[in-house]
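# Results of the structural survey
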Amino acid sequence: QVQLVESGGGLVQAGGSLRLSCAASGRTFGSYSMAWFRRTPGKERAFVAAISRSGSSTFYAEFVQGRFAISRDNAKVYLQMNSLKPEDTAVYYCAASTTIVSARESDFGSWGQGTQVTVSS
């Protein structure tokens, strides 16, 4: 398994932007597809965005279409979040999967500890 550590969360006003990063340990980062999920209080963890092993394919939850962008380089995966809304307030988790690309939580075997994003109105 790969070890994942998220960073970049914080407090931002509605309409603002944040960029989350997820650093992966190990030399096989390129063999994993990556994704971001989030959990809001009282709700189950929800899919946000995914990127394929090569980075050539990306997928988004409908509620972040056009506002968030997932990307990756040789050692990290990123989530650029623009036009943030109070309902985006959540703990955001980075996850790694051995599938080519997936949005299904059960496909992800490695998870970070999460980073809190709070959007004030």
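Report follows, based on the coordinates. (Residues numbered from 1 in each chain as written. Predicted model: local features only at pLDDT ≥ 70, side-chain atom pairs only at ≥ 80, totals over all residues. Heavy atoms only, no water.)

We now examine the pairing of strand 11 (residues 115-120). Alternating positions in strand 11 separate cleanly, Thr-115, Val-117 and Val-119 being buried on one face and Gln-116, Thr-118 and Ser-120 remaining unburied on the opposite face. Note that strand 2 (residues 10-13) and strand 11 share four bridges and pair parallel. Note on strand 11: the bridge partner recorded for Leu-11 is Thr-118. In the sheet, strand 9 (residues 90-97) pairs with strand 11 via three bridges, with the strands oriented antiparallel. Within strand 11, the position partnered with Val-91 by the bridge is Gln-116. (Buried < 20%, exposed > 50% of the residue type's maximum accessible area, 1.4 Å probe, protein only. Helix = DSSP H or I, 4+ residues; strand = E, 2+ residues; numbered from the N terminus. Pairing = 2+ DSSP bridges.)

Each strand in a sheet pairs with its neighbour through backbone hydrogen bonds, running either in the same direction (parallel) or in the opposite one (antiparallel). Spatial strand order, 1-3-8-7: four strands in an open sheet with antiparallel pairing. The sheet is open, and its two edges are formed by strand 1 (4-7) and strand 7 (68-72), each paired on a single side. Ignoring which end each strand starts from, the neighbouring axes of this sheet average 15° apart. (Axes fitted to C-alpha atoms, helices over the stretch in contact; angles between N-to-C directions.)

What follows is about the pattern of salt bridges. A pair can form between side chains of opposite charge whenever their charged atoms are brought close. Summed over the entire model, instances satisfying the criterion amount to four salt bridges. Put simply, Arg-45 and Glu-105 hold a salt bridge, and the shortest N to O gap is 2.9 Å. Note that Arg-45 is positioned in the loop between strand 4 (33-39) and strand 5 (46-51) and Glu-105 in the loop between strand 9 and strand 10 (108-111), a separation of 60 residues in sequence. With a relative accessible area of 32%, Glu-105 lands in the partly exposed category. Among the charged side chains, a network of salt bridges with common partners joins Arg-38, Arg-67 and Asp-88. (Salt bridge = Lys/Arg side-chain N within 4 Å of Asp/Glu carboxyl O.)

With that settled, consider the state of the cysteines. For the structure shown, the criterion picks out one disulfide. What pairs with Cys-22 in a disulfide is Cys-94, and their sulfur atoms sit 2.1 Å apart. A torsion of -75° about the S-S bond marks the disulfide between Cys-22 and Cys-94 as left-handed. Of this pair, Cys-22 sits in strand 3 (residues 18-24) while Cys-94 sits in strand 9, placing them 72 residues apart in sequence. Exposure remark for Cys-94: the relative accessible area of 0% places this residue in the buried category. (Disulfide = S-S within 2.5 Å.)

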